[in-house]
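Next come the chains, spelled out residue by residue.
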Amino acid sequence: MEFNEKNTRFDLVVDNWEDAIIESCKPLEKLGLANEIYKYKIINDVKKYGSYIMISPNIVIPHTRPQNGSIDVGYCLTTIKNDIYFDDNKEFPIKVLISFTAIDNENHLEMLKNIIKVIEVGLVNKLGKFYKLDSKGKLNYLNSIIKSSGNKSSKT
């Protein structure tokens, strides 16, 4: 797992949580990891099941079943500059979206484990510091916590 200019987008301003998910999935589409339907399936899942993809205050992991438009295994990270909220969760604004695709249940679980390691190792505890960094600083910080977490490499 490594972040770069192709799979990250920082400090976007969006109108609502649906737009945040749409924007967060654009790199997945551009990299050929998901088709255009994928992001809308995520939005439909959130409308149906609630904000289950918020795994920590301010951190969301947009994803859906592989058969809902996933083409290959990958991930991307988007940060949101303004405060937006899920309809059913007005307590914590959505600030970081780590969107991912998987092609089967095994890949899905592996991606979740890798993302959770990154969050546990430092992303959550240092969000304030992270927001203040420029784009290059954010990339360096993300990759340093990935390295310290011992995450396995992936295609993206």
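See the structure shown above.
To keep things clear, this report deals only with the structure shown in the data block. (Residues numbered from 1 in each chain as written. Predicted model: local features only at pLDDT ≥ 70, side-chain atom pairs only at ≥ 80, totals over all residues. Heavy atoms only, no water.)

Focus on the pairing of strand S4 (residues 74-80)
In step 1: When you tally the buried positions in S4, you get seven out of seven residues, the bulk of the element.
In step 2: Here S4 shows two buried faces, one formed by Gly74, Cys76, Thr78 and Ile80 and the other by Tyr75, Leu77 and Thr79.
In step 3: Sheet analysis places strand S1 (residues 8-12) next to S4, joined by three bridges and oriented parallel. By the bridge assignment, Thr8 is partnered in S4 with Leu77.
In step 4: Summarising the sheet, S4 and strand S5 (residues 96-101) pair through six bridges and their orientation is antiparallel. What sits directly across from Tyr75, in S5, is Phe100. (Buried < 20%, exposed > 50% of the residue type's maximum accessible area, 1.4 Å probe, protein only. Helix = DSSP H or I, 4+ residues; strand = E, 2+ residues; numbered from the N terminus. Pairing = 2+ DSSP bridges.)

Things to note about unusual backbone geometry
In step 1: The backbone phi angle of Asp11 is positive, close to 60°, even though this residue is not glycine.
In step 2: In this fold, Asp11 is placed in strand S1.
In step 3: The exposure class assigned to Asp11 is partly exposed, which follows from its relative accessible area of 35%.
In step 4: The backbone of Asn58 sits at a positive phi, close to 80°, despite the residue not being glycine.
In step 5: Examined against the element boundaries, Asn58 turns out to sit in the loop between strand S2 (54-56) and strand S3 (59-60).

Thoughts on the pattern of salt bridges
In step 1: This structure, assessed with the given rule, holds six salt bridges.
In step 2: Between Lys138 and Asp11 there is a salt bridge; the shortest N-O distance is 2.9 Å. On the criterion of sequence distance, the pair formed by Lys138 in helix H5 (residues 135-149) and Asp11 in strand S1 is long-range, its members being 127 residues apart.
In step 3: The buried category is assigned to Lys138, whose relative accessible area is 0%.
In step 4: The salt bridge involving Glu23 is made with Lys26; its shortest N-O contact spans 2.9 Å. (Salt bridge = Lys/Arg side-chain N within 4 Å of Asp/Glu carboxyl O.)

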